[in-house]
Amino acid sequence: MARIVPMFNATSFSSNSVRLAALHAPLSSSAVAPAGRFAPSPRSGLCSAPRAIHHEQLFGIKTSRLMRKANCIKASASGNMAQASTTISKEEAFEWVKKDNRRMLHVVYRVGDLERTIKFYTECLGMKLLRKRDIPEEKYTNAFLGYGPEDSHFVVELTYNYGVDQYDIGAGFGHFGIAVEDVAKTVDLIKAKGGKVTREPGPVKGGKTVIAFIEDPDGYKFELLERGPTPEPLCQVMLRVGDLDRSINFHEKAFGMELLRKRDNPEYKYTVAMMGYGPEDKNTVLELTYNYGVTEYDKGNAYAQIAIGTDDVYKTAEAIKLHGGKITREPGPLPGINTKITACLDPDGWKTVFVDNIDFAKELE
């Protein structure tokens, strides 16, 4: 739920919104945070400050007094946490991550004509407009759409930046997946509404599941998958990665996801891994795709990030650091409101924002 500041690669948060969750993803390769918005607070100094919080305490680990002095996190003046050093093991952090209460909340991306996209998603894809928010002082508008309320369903957060009508989707983003009971019927409806079908209904290569591909007005691809009734129709987000085993390990250890299945397709020279927080037929999953020999992708400036709920953004950030992730926004409350978040990049540079579960629930109220 975040906005994206045109021509900035910074995540900017609006003081009256929460998840800014993801915040308007960058439009360039540099990270620029508007003054007074959500720029990370300066790292604090030594661990002698009275508000210092130890890593050992953070994960419930007991160590000697000497070790506690050497390994702590000090809360900065803005209330954020800055790491000094740590001795907790990856295994200890992973144990906490596995017990954390996590759920994929929403995916954020930019569009060039908000009303046109809302019309397409509601009339052709059957989504509902859940809410809409205009922030004129920041020159952007958000719209949240999905197949159920945000407190229980994965939704899309569309961001329109005033005056920007086109974005580069890049080669790294793959598609969104939507489960439907009749793919052919859905495709006929989309055609009747003037939608673009890029792959006619038929069995998936090397399998039996009936699928089709369509494009929305901005060029984002949607895979339609024929399935029975499901509580989560918006079922997939597909991203391409340069090292599948590395990515699987990171999402398991740092994000606490489960590898649900992995399929190699040597005939077509690609491998996919499905990862998530529950079975595919009931939860949204992340589909990681590795194309043989391709180690890097252009990510463009259209797709922004996924937001995930957590019980503790501070512990989440520490686990991510321990497993090689890059924290781009230190954990702590957003300026002007109490919602706590942390943001990071995975080994392939894909951005994820973690949002405190309790604060997120309050936002929806």
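This text goes with the structure placed above it.
A brief look at the structure comes next.

Rules used throughout
Residues numbered from 1 in each chain as written. Predicted model: local features only at pLDDT ≥ 70, side-chain atom pairs only at ≥ 80, totals over all residues. Heavy atoms only, no water. Helix = DSSP H or I, 4+ residues; strand = E, 2+ residues; numbered from the N terminus. Buried < 20%, exposed > 50% of the residue type's maximum accessible area, 1.4 Å probe, protein only. Contact = heavy atoms within 4.5 Å. Areas by Shrake-Rupley, 256 points an atom, 1.4 Å probe, with all protein chains shown as cover. Pairing = 2+ DSSP bridges. Axes fitted to C-alpha atoms, helices over the stretch in contact; angles between N-to-C directions. Arc of directions from axis to C-beta. Polar contact = N/O pair within 3.5 Å; in protein donor to acceptor, adjacent residues only side chain to side chain. Parallel < 35°, antiparallel > 145°, perpendicular 65-115°, else oblique. Left-handed = near helix turned anticlockwise from the far one by under 90°. Core = buried A, V, L, I, M, F, W, Y, C linked by side-chain atoms within 4.5 Å.

1. Focus on the overall build of the protein
- Helix and strand counts for the protein stand at eight helices and 21 strands.
- Out of the 365 residues in the protein, the part that is buried amounts to 54%.
- Across the protein, every contact between residues at least 6 apart in sequence was considered, and the portion connecting residues at least 24 apart equals 62%.
- When the accessible surface of the protein is totalled, it reaches about 15,700 Å², and 51% of it is carbon and sulfur.

2. Thoughts on the sheet that holds strand β10 (residues 173–180)
- In space, the eight strands of this open sheet follow the order β11-β12-β13-β10-β14-β17-β16-β15, with mixed pairing throughout. Edge positions in the sheet fall to β11 (196–203) and β15 (258–265), since each has one partner strand and no second. Between one strand and the next, the sheet's axes are offset by a mean angle of 20 degrees, whatever the strand orientation.
- By the bridge criterion, five bridges tie β11 to strand β12 (residues 210–215) in an arrangement that is antiparallel. The partner of Val197 across the bridge, within β12, is Ile214.
- Along the sheet, helix α5 (residues 183–192) makes contact with β10, β11, β12 and β13 (221–226), crossing β11 at roughly 165 degrees.

3. Observations regarding unusual backbone geometry
- You will see that Lys139, though not glycine, has its phi angle at about 60 degrees, which is positive.
- Inspection of the secondary structure assignment puts Lys139 in the loop between β7 (128–135) and β8 (140–146).
- Exposure remark for Lys139: the relative accessible area of 52% places this residue in the exposed category.
- With a phi angle near 60 degrees, Lys269 is a residue other than glycine that sits in the positive phi range.

4. Thoughts on α5
- Residues of α5 that are buried: Val183, Thr186, Val187 and Ile190. Taken down its axis, α5 places every buried residue within 100 degrees of arc, on the same side. In α5, the exposed positions that point more than 90 degrees away from the buried face belong to Lys185, Asp188 and Ala192.
- Those residues of α5 that are buried lie in contact with α4 (114–123), β10, β11, β12 and β13.
- Between the side-chain oxygen at the start of α5 and the backbone nitrogen of Ala184 there is a gap of 3.2 Å, and the oxygen is on Asp182.

5. A few points about the packing of helix α3 (residues 90–99) against helix α7 (residues 313–322)
- Direction vectors running N to C along α3 and α7 enclose 135 degrees, while the axes themselves pass 10 Å from each other. Compared by their axis directions, α3 and α7 come out oblique. Pair α3 / α7 crosses with left-handed handedness. Between α3 and α7, the contacting residues are Lys90, Ala93, Trp96 and Val97 on the first element and Lys315, Thr316, Ala319 and Leu322 on the second.

6. Details of the nonpolar core
- Among the nonpolar cores identified, the biggest contains 56 residues, and Tyr109, Tyr121, Leu125, Met127 and Phe222 are the most heavily contacted of them.
- Setting aside anything within four residues of it in sequence, one finds Tyr121 in contact with Tyr109, Gly126, Met127, Leu145, Val156, Leu158, Asp216 and Phe222.

7. Thoughts on the environment of Tyr314
- Locating Tyr314 in the fold gives a position in helix α7.
- Taking the C-alpha atoms as reference, Tyr314 lies 9.9 Å from Phe354; in sequence the two are 40 residues apart.

8. Brief notes about the environment of Cys235
- One can find Cys235 in strand β14 (residues 234–240).
- Look at Cys235 and you get buried, because its relative accessible area is 1%.
- Along the sequence, Cys235 and Glu280 sit 45 residues apart, while their C-alpha atoms lie 7.3 Å from each other.
- Apart from residues lying up to four places away in sequence, Cys235 is in contact with Gly177, Ile178, Ala179, Leu225, Arg227, Asn283, Thr284 and Val285.

9. Concerning the sheet that holds β7
- On the basis of which strands lie adjacent, the open sheet formed by eight strands has the order β7-β8-β9-β6-β18-β21-β20-β19 and mixed pairing. Every interior strand has two partners, whereas the edge strands, β7 and β19 (326–333), have only one. Within this sheet the neighbouring strands show an average axis-to-axis angle of 20 degrees, counted without direction.
- Bridging between strand β18 (residues 303–310) and strand β21 (residues 351–356) involves five bridges; their strand directions are parallel. By the bridge assignment for β21, Ala307 is matched with Val353.
- On top of the sheet, α7 reaches β18, β19, β20 (340–345) and β21; it is set at about 165 degrees to β19, its chief contact.
- The strands that helix α8 (residues 357–364) touches are β6 (103–110), β7, β18, β20 and β21; relative to β21, the one it contacts most, it runs at about 80 degrees.

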